[in-house]
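# An overview of the molecular structure
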Amino acid sequence: MNDGLVERPDGKQSCWWHGDLDEYRIYHDTEWGRPVIDDTRLFEKVCLEGFQSGLSWLTILRKREGFRAAFAGFDIDKVAAFTDADIERCVNDASIVRHRGKIKSTINNAKRAQELQKEFGSLATYFWAFEPSSQERPAKVTKDAIPGFTETSTKISKDLKKRGWSFVGPTTVYAFMQAMGLVNDHLEGCCCRQEIEEIRNDFKRPI
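The present account deals with the structure reproduced in this document. It should be emphasised that the depicted structure is a prediction, and the values quoted were computed from it without experimental measurement.

## Details of the overall build of the protein
A tally of helices and strands in the protein yields eleven helices and two strands. Helices and strands appear in the protein in the N-to-C order β-β-α-α-α-α-α-α-α-α-α-α-α. The globule rule puts the C-alpha radius of gyration for 207 residues at 17 Å, and the 17 Å found for the protein is close to it. Each principal axis of the C-alpha distribution contributes one length, and for the protein these read about 50 × 35 × 25 Å. Relative to its full complement of 207 residues, the protein shows a buried share of 50%. Surface accessibility of the protein: about 10000 Å² in total, with carbon and sulfur atoms responsible for 49%. Each charge class in the protein was averaged separately, 31 positive and 32 negative side chains, and the resulting centres sit 4 Å apart.

Written out as structure tokens, the structure reads:
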């Protein structure tokens, strides 16, 4: 390992954390860090990061299709309309993490997401307004340089909590930022880093 890089069986170097597990490597290569502006995907990810709290992302990733089925594809309006019967259905659904508090939080957060959409036009407009400047980013992205949370993730967390969101602590929010491309935390030397840098350079931010 060199600064968090590992060499894979295909000879490529990449971030260490996928452990060369198939589903984790595919997620690393095709999703993680790529800019997202679709509100459904943003809502899904912030909810799943909340469910991950205390667990591994691999656990959530392996249950993602179950979560999508249980939560109507993370359609914000549909989840916001969930009833007590839906809560009980989810609590008894073995294909997801059956944590009552997090299930209720997802429904609450859908209602709060509707409010953000009404105020800002989209979740994307809200979240991308917080994209950190280069001054907040490490000069070189290595394993040791990646923080658990940042000034920006703390700012987002505080603002979301003020707006009534739950399970959105600074660490959860930073994981969301990493996954949704608000930052590029693929390590220097990772086979995906330069591609994502180029995508980010061409990416049209929502306004």
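Now that the structure has been shown, we can carry on.
## Observations concerning the pattern of salt bridges
Counted under the stated rule, the structure contains 22 salt bridges. When the shortest N-O distance is used, the salt bridge between aspartate 3 and lysine 140 registers 4.0 Å. In this pair, aspartate 3 is assigned in the segment before strand S1 (5–7) and lysine 140 in the loop between helix H8 (123–128) and helix H9 (151–162), connecting sequence segments 137 residues apart. Here aspartate 3 falls in the partly exposed class, since its relative accessible area comes to 40%. The exposure class of lysine 140 is partly exposed, given its relative accessible area of 47%. A salt bridge links glutamate 195 to arginine 34; the shortest N-O distance between them is 3.1 Å. Taken together, the residues span a long stretch of sequence, with glutamate 195 in helix H11 (residues 193–202) and arginine 34 in the loop between helix H1 (22–30) and helix H2 (39–52) at a distance of 161 residues.

## Some remarks on H9
Spanning twelve residues, H9 covers 17 Å between terminal C-alpha atoms, matching the ideal 16 Å at 1.5 Å per step. Taken residue by residue, H9 has Thr152, Ser153, Ile156, Ser157, Asp159 and Leu160 as its buried positions. Buried positions along H9 lie against helix H7 (100–120), H8 and helix H10 (170–180).

## Observations regarding the side chain of aspartate 86
For aspartate 86, the position within the fold is in helix H6 (residues 84–91). The buried category is assigned to aspartate 86, whose relative accessible area is 19%.

## Here we look at the packing of aromatic side chains
Scanning the entire structure with this criterion turns up 15 aromatic pairs. Judged by centre distance (6.0 Å) and plane angle (55 degrees), the ring pair of phenylalanine 51 and phenylalanine 71 falls under tilted. Of the two residues, phenylalanine 51 is situated in helix H2 and phenylalanine 71 in the loop between helix H4 (64–70) and helix H5 (76–80); the sequence distance between them amounts to 20 residues. For the pair shown, phenylalanine 51 and phenylalanine 71 are each scored as buried. For lysine 45, the ring lying beneath its charged end belongs to tryptophan 57, and the centroid distance is 3.2 Å.

## Focus on the environment of lysine 63
Here lysine 63 lies in the loop between helix H3 (57–62) and H4. Judged by its relative accessible area of 24%, lysine 63 falls in the partly exposed class. When the C-alpha positions of lysine 63 and serine 95 are compared, they lie 6.2 Å apart, and in sequence the two are 32 residues distant. If we skip the residues at most four places from it in the chain, lysine 63 touches Ala94, Ser95, Ile96 and Val97.

## Notes on the packing of H2 against H7
A pair of packed helices can be characterised by two numbers: the angle between their axes and the separation between those axes. The N-to-C vectors of H2 and H7 enclose an angle of 145 degrees; their axes lie 10 Å apart at closest approach. By crossing handedness, the relation of H2 to H7 is classed as right-handed. Of the residues in H7, those in contact with Asp39, Phe43, Cys47, Gly50 and Phe51 of H2 are Lys102, Ile103, Thr106, Asn109, Ala110, Ala113 and Gln117. Residue composition of the contact of H2 with H7, grouped by class: six nonpolar, four polar and two charged.

## Let's talk about the packing of H9 against H10
At their nearest, the axes of H9 and H10 sit 8 Å apart, and the two run at 115 degrees to each other. Between H9 and H10, the interaxial angle falls into the category roughly perpendicular. Here H9 runs over H10; the crossing is right-handed. Here Thr152, Ser153, Thr154, Ile156, Ser157 and Leu160 of H9 come into contact with H10, specifically with Pro170, Val173, Tyr174 and Met177. Its residues assigned to classes, the contact of H9 with H10 comprises six nonpolar, four polar and no charged.

Cut-offs applied
- Residues numbered from 1 in each chain as written.
- Predicted model: local features only at pLDDT ≥ 70, side-chain atom pairs only at ≥ 80, totals over all residues.
- Heavy atoms only, no water.
- Helix = DSSP H or I, 4+ residues; strand = E, 2+ residues; numbered from the N terminus.
- Rg over C-alpha atoms; globule rule 2.2 N^0.38 Å.
- Buried < 20%, exposed > 50% of the residue type's maximum accessible area, 1.4 Å probe, protein only.
- Areas by Shrake-Rupley, 256 points an atom, 1.4 Å probe, with all protein chains shown as cover.
- Lys, Arg positive; Asp, Glu negative; His and termini not counted.
- Charge placed at Lys NZ, Arg CZ, Asp CG, Glu CD.
- Salt bridge = Lys/Arg side-chain N within 4 Å of Asp/Glu carboxyl O.
- Expected span 1.5 Å × (residues − 1).
- Contact = heavy atoms within 4.5 Å.
- Phe/Tyr/Trp six-rings, centres within 6.5 Å; stacked < 30°, edge-to-face > 60°.
- Lys NZ or Arg CZ within 6 Å of the ring centre and 35° of its normal.
- Axes fitted to C-alpha atoms, helices over the stretch in contact; angles between N-to-C directions.
- Left-handed = near helix turned anticlockwise from the far one by under 90°.
- Nonpolar A, V, L, I, M, F, W, Y, C, P; charged D, E, K, R; others polar.
- Parallel < 35°, antiparallel > 145°, perpendicular 65-115°, else oblique.

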